Amino acid sequence: MSDVRPPASKVMSRDALLAWRRAQRGRVVFTNGVFDLLHPGHVDVLRLARAEGEHLVVGVNSDASVRRLGKGPERPIRPEADRAYVLAALESVDAVCVFDEDTPFALVTALVPDVIVKGGDYRPETVVGADVVRAAGGRVVIIPLVPGQSTTGIVRKLSAASDAP
């Protein structure tokens with residue numbers, strides 16, 4: 001019998017995530033983002049984030065949060081439930097939680113992960129929640145970005161292709 005968990009079982013409310021967190025042994029790693037169109041850059045960050053500990057939690061911006069981030073009128077492309085489900089299907093991901101705030105600060109403060117990971121477009125001092133993680137004895141890790149991989153770039157390319165005669 002396979003030990004692969006169904007993706008839907010990994011998508012959790014904040015309360016369920018916190019209960020799950022209390023039951024875990026080993027380092028819990030946290031990262032977050034929109035994850036609108038999953039691409040190789042996302043996969044690499046998630047894989048390398050998971051290598052920093054025994055469990056990986058991914059915070060996903062809600063649809064309303066994405067709209068407030070000003071990523072463009074067409075964003076998010078995929079609804080939050082779809083984005084969370086696709087992330088949860090990845091072997092490297094242990095739990096996914098959608099957050100509605102503009103930043104994951106409240107989620108990080110409640111979760112208190114052992115490691116917080118962001119992509120190379122961040123610096124340690126700009127990672128939301130880094131101070132909370134460090135105060136608890138944890139670490140902040142920045143993963144280099146894969147050149148040429150961004151959802152914004154993919155959206156631009158698709159838009160240009162649809163505008164072509």
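Every value quoted in this text rests on a predicted model; they were computed, and no experiment measured them. (Residues numbered from 1 in each chain as written. Predicted model: local features only at pLDDT ≥ 70, side-chain atom pairs only at ≥ 80, totals over all residues. Heavy atoms only, no water.)

Formed by 19 residues in total, the largest nonpolar core has its most connected members in L17, F30, V57 and I116. Looking at this core, the elements that each hand over two or more residues are α2 (14-23), β1 (28-33), β3 (95-99), α6 (105-111) and α7 (130-135). Ignoring sequence-local partners within four residues, the contact set of I116 consists of F30, V108, V127, V128, G129, A130, V133, R139, V140 and V141. Of all hydrophobic cores here, the second largest spans 17 residues; its members include F35, L46, A84 and V96. (Core = buried A, V, L, I, M, F, W, Y, C linked by side-chain atoms within 4.5 Å. Buried < 20%, exposed > 50% of the residue type's maximum accessible area, 1.4 Å probe, protein only. Helix = DSSP H or I, 4+ residues; strand = E, 2+ residues; numbered from the N terminus. Contact = heavy atoms within 4.5 Å.)

Reading across the sheet, the five strands line up as β3-β2-β1-β4-β5 and stay open at both edges, with parallel pairing between neighbours. Two strands bound the open sheet, and with one partner strand each, they are β3 and β5 (139-143). Across this sheet, the average inter-strand angle for adjacent strands is 25 degrees, counted without regard to direction. Across five bridges, the pairing between strand β4 (residues 115-119) and β5 is parallel. Looking at the pairing, V115 lines up with R139 of β5. On top of the sheet, helix α3 (residues 40-50) reaches β1, β2 (55-61), β4 and β5; it is set at about 140 degrees to β2, its chief contact. (Pairing = 2+ DSSP bridges. Axes fitted to C-alpha atoms, helices over the stretch in contact; angles between N-to-C directions.)

The subject of this paragraph is the pairing of β3. The buried fraction of β3 amounts to four of the five residues, a majority that puts the element mostly inside the structure. Where β2 meets β3, five bridges bridge the pair, whose relative direction is parallel. Looking at β3, one finds that N61 is bridged to F99.

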